[in-house]
Amino acid sequence: MSSQRSAADIRAELGHPVIDADGHVFEHYPALNQYCLDEGLEGGLYAHMANCSFSGEPNWSNLPADERLARRSFRGPWWALPLGNTRDFATAVSPALFHDRLEELGMDFAVCYPSIGLNFPSYQDDDVRNKLCRALNRYLADSYQGLGDRLTPVAAIPTHTPGEAVEHLDFAVTELGFKAVMIGGFVSRQLPAGGEMATWIDSLGLDSAYDYDPLWQRLVELNTPASLHSGSMGWHGRRSISNFTYNHMGNFGAASETAAKSLFFGGVTHRFPDLRLGFLEGGVTWGAQMVCDLLSHWEKRGPEGLKAYDPERFEPDRFEMLVGEAGDPIDLPTGFGKAMQKGSTTKHVVNDFEAAGITSPTDILEQIDRSYWFGCEADDPLVRLAFDGALPHGATLNAIFSSDVGHWDVPDMSEVLPEVWEQVEHGWLDEKQFRAFTFDNAHRFFTEARPDFFADTVIEAAGT
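Residues numbered from 1 in each chain as written. Predicted model: local features only at pLDDT ≥ 70, side-chain atom pairs only at ≥ 80, totals over all residues. Heavy atoms only, no water.

### Focus: the nonpolar core
- If you look at the biggest cluster of nonpolar residues, it comprises 123 residues, and the most contacted ones within it are W216, F264 and Y372.
- In terms of residue count, the dominant contributor to this core is helix α6 (residues 126–143) (eight residues).
- Non-local contacts of Y372, meaning those with residues more than four positions away in its chain, are made with A260, L263, F264, T269, L277, F279, M290, Q367 and N398. (Core = buried A, V, L, I, M, F, W, Y, C linked by side-chain atoms within 4.5 Å. Buried < 20%, exposed > 50% of the residue type's maximum accessible area, 1.4 Å probe, protein only. Helix = DSSP H or I, 4+ residues; strand = E, 2+ residues; numbered from the N terminus. Contact = heavy atoms within 4.5 Å.)

### Things to note about unusual backbone geometry
- In this structure, H393 is a non-glycine residue whose phi angle is positive, near 60°.
- Within the fold, H393 resides in the loop between β10 (372–376) and β11 (399–401).
- At D404, a position not held by glycine, the phi torsion is positive, near 65°.
- Position of D404 among the secondary structure elements: in the loop between β11 and α16 (416–425).

### Topic: the packing of helix α7 (residues 162–175) against helix α8 (residues 213–221)
- Two elements in contact, α7 and α8, have axes whose closest approach is 8 Å; the angle formed by their N-to-C orientations is 15°. Between α7 and α8, the angle is such that the two are roughly parallel. With respect to the hand of their crossing, α7 and α8 are arranged in right-handed fashion. Across the interface between the two elements, A165, V166, L169 and D170 of α7 pack against P214, L215, R218 and L219 of α8.
- Its residues placed into classes, the contact of α7 with α8 shows six nonpolar, no polar and two charged. (Axes fitted to C-alpha atoms, helices over the stretch in contact; angles between N-to-C directions. Parallel < 35°, antiparallel > 145°, perpendicular 65-115°, else oblique. Left-handed = near helix turned anticlockwise from the far one by under 90°. Nonpolar A, V, L, I, M, F, W, Y, C, P; charged D, E, K, R; others polar.)

### Here's the deal with the sheet that holds strand β4 (residues 155–157)
- The six strands lie next to each other as β4-β5-β8-β9-β10-β11, forming an open sheet whose pairing is parallel. Both outer strands of the open sheet, β4 and β11, are each paired with one neighbouring strand and no more. When strand polarity is set aside, the average angle formed by the axes of neighbouring strands in this sheet is 35°.
- Pairing of strand β9 (residues 277–279) with β10 involves three bridges; the strand directions are parallel. Bridge assignment links F279 to a residue of β10, and that residue is F374.
- Sitting on the sheet, helix α17 (residues 431–449) is in contact with β8 (226–228), β9, β10 and β11, with an inclination near 105° to β11. (Pairing = 2+ DSSP bridges.)

### Description of the packing of aromatic side chains
- One pass over the full model with this rule turns up 22 aromatic pairs.
- When the centroid spacing of 5.3 Å and the interplanar angle of 65° are considered together, the rings of F265 and F353 count as edge-to-face. With a gap of 88 residues between them, F265 in helix α10 (residues 251–265) and F353 in the loop between α14 (336–344) and α15 (361–371) connect regions that are remote in the sequence.
- Aromatic ring contacts, followed pair by pair, group F109, W373, F445, F446, F453 and F454 into a single cluster.
- Directly above the ring of F171 sits R134, whose terminal nitrogen or CZ lies 4.0 Å from the centroid.
- The ring of F453 is capped by K179, whose NZ or CZ atom sits 4.7 Å from the centre of that ring. (Phe/Tyr/Trp six-rings, centres within 6.5 Å; stacked < 30°, edge-to-face > 60°. Lys NZ or Arg CZ within 6 Å of the ring centre and 35° of its normal.)

### A short note on the pattern of salt bridges
- Using the criterion set out here, one finds 20 salt bridges in the structure.
- Between E104 and R87 there is a salt bridge whose closest N-O contact spans 3.2 Å. Pair noted here: E104 is in the loop between α5 (95–101) and β2 (109–113) and R87 is in helix α4 (residues 86–93), with a separation of 17 residues, a long-range link.
- For R87, a relative accessible area of 45% gives the class partly exposed.
- For the salt bridge of D126 with R129, the shortest nitrogen-to-oxygen distance reads 2.7 Å. Remark: R129 and D126 occur in helix α6; sequence separation between them is three residues, near one turn of the helix.
- Given the relative accessible area of 48%, D126 is considered partly exposed. (Salt bridge = Lys/Arg side-chain N within 4 Å of Asp/Glu carboxyl O.)

### Describing the side chain of E164
- The residue E164 is located in helix α7 in this model.
- In this structure the side chain of E164 is engaged in a polar contact, spanning 3.1 Å, whose partner is the side chain of N130. (Polar contact = N/O pair within 3.5 Å; in protein donor to acceptor, adjacent residues only side chain to side chain.)

### What to know about the sheet that holds strand β3 (residues 151–153)
- Spatial strand order, β1-β2-β3: three strands in an open sheet with parallel pairing. Strand pairing shows two members of the sheet lacking a second neighbour, β1 (19–24) and β3, which therefore form its edges. The average undirected angle you get between the axes of adjacent strands in this sheet is 25°.
- Inspection of the sheet shows β2 paired to β3 by three bridges, in the parallel sense. Counted as the bridge partner of V111 is T152 from β3.
- The strands touched by α17 within the sheet are β1 and β2, with β1 carrying the most contacts at an inclination of about 75°.

In structure tokens:
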């Protein structure tokens, strides 16, 4: 149940703008198809939609039940568009109409992500993937011409190799004029010794198949904030052949956590302190858990904590004496202590936090606060975890308002801002936290990477 006040009324009484950090355009397929044909993509968009749609694995609906079971073909969404609200769907398809309605919706500026194009960076065929992404980015750049005072689109950057990513990044930013990008958050790679379905998730940081430092360096050089909008449907544990909701719940958070940990432990956030990364549509709960786990693992698995587990400190003879004198009701043969000491010995002792440059809990909190932003939808009642002081050391997280307009979970665009304001009415957020969520944090995310991000927009003077 959202606030009974209208979005425009709520906005009129705020002393700050509202930034939507994750709205969506729903691509006009016939128009996008022409861009695909212009890129030389054989068959255009329609020939490849089955492999990049949201309906689950290719041809799920055409597979017999026994084959779905054999392949564990996961079910994607059905009735995935807000077609019950014709005006809203037209708004999602038409950037010009969204621009015209933004004030009515209580928002001042929106950063717009693709819909079917979310999946283009993960398309497996190299030639098709690159042509789809180039076509999409040209389509988006053209579609938002003249609307930059209130809207900006993001470019889709494939990341199967660092070279591919840098090539698309340069084209999008230096030639097409994009100010922000969405990078593929992972690559599903074949295991050399496995079959067709034997894959592993390369999350671009820790233990990656490639060194992605050229991509991170180029993002910094181009002053470009990057977001990850990848999901994990189809990963182990999210392959129901019958139930989309089972597959969907938590899938963005799981993919975000995988990437965020990989970049942290791979040392990316340590080596590139000016890199700004947004993790979208997964909320903030996974981020809160990650921070708590990082801190607790540092305490117990960092260099000092590991001393408590050193087999060389174990006293097997004393162990046998203590156990022998305890009087257990079953027989405990001697020799177990020495066996455990020997079995626990390894020459592969490492500091898991070394690449991340961590020397204290403060280092962990500073890297997360400096580098990571967390996209939360309007109806997420747990946004408060980012602000309410529940995290260790009083840490807060950079939660940013992300409407997700244009997709099935927003059946009525006019109710988005009232849903956020409801959190103030319930006392879950105070007005200062509401401002941070709907304006300050997003403004920092974009301007810390690109100081002139909001130049020539309706909120150019805000935040200064």
